[in-house]
Amino acid sequence: MSEHASQYVIAVPHSHLSPGLILDAPAGADDFLVVFGDDTESRAQLLHDDAGRPVLRVGGYMTARGTVVDERLWSVREAARHGDRLRLRLGHSLP
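Report on the accompanying structure. Just so it is clear, the structure is predicted and the values come from calculations on it, not from any experiment.

**A look at the pattern of salt bridges**
Once the charged atoms of two side chains with opposite charge are near each other, the side chains can pair. One pass over the structure, following the stated rule, counts five salt bridges. Note that Asp-24 is salt-bridged to Arg-85, the shortest N-O span being 3.4 Å. Note that Asp-24 is positioned in strand E2 (residues 22-26) and Arg-85 in strand E9 (residues 85-94), a separation of 61 residues in sequence. Exposure remark for Arg-85: the relative accessible area of 17% places this residue in the buried category. The salt bridge involving Asp-31 is made with Arg-43; its shortest N-O contact spans 3.1 Å. You can see Asp-31 sitting in strand E3 (residues 31-35) and its partner Arg-43 sitting in strand E4 (residues 41-48), a full twelve residues away along the chain. Residue classification places Asp-31 among the partly exposed residues on the basis of a relative accessible area of 35%. Connected through shared salt-bridge partners, Asp-24, Arg-85 and Arg-87 make up one network.

**Some details on the side chain of Thr-63**
Inspection of the secondary structure assignment puts Thr-63 in the loop between strand E6 (61-62) and strand E7 (68-69). Assessed through its relative accessible area of 6%, Thr-63 is described here as buried. For Thr-63, the residues in contact, after removing those within four places along its chain, are Ser-15, His-16, Asp-38, Thr-40 and Val-69.

Quick notes on the rules
- Residues numbered from 1 in each chain as written.
- Predicted model: local features only at pLDDT ≥ 70, side-chain atom pairs only at ≥ 80, totals over all residues.
- Heavy atoms only, no water.
- Salt bridge = Lys/Arg side-chain N within 4 Å of Asp/Glu carboxyl O.
- Helix = DSSP H or I, 4+ residues; strand = E, 2+ residues; numbered from the N terminus.
- Buried < 20%, exposed > 50% of the residue type's maximum accessible area, 1.4 Å probe, protein only.
- Contact = heavy atoms within 4.5 Å.

Spelled out as C-alpha cells, the structure:
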C-alpha cells in the first residue's frame, strides 16, 4: 500500500469494533477504509448527528471466520487531533 493510500486507512487490531476502542483516523478526511485484524475491510464515514456530535458509520462486512457484521453507526465519546491524524474513542453503537 502506498504512503498516500495508507493515509486514508484505519487499522484495527480486532475483527470487530467495540465501545472504548481508540481509532487512529486521518484528520480532514470523512471517508476512509477500516482494515480489521483478520484482514477484512469496511468503508467508514465520520459524520455528525443533529446536535453536531461526531458519529462513525461503518459499512457491513464479513469477518474471516464468516461472521456477517451489519452496517452500524457508532457514537464517538472523544475526538482529539494529533498532527494529521484524529484519535477517536468509540462509544456504543447506535440503534
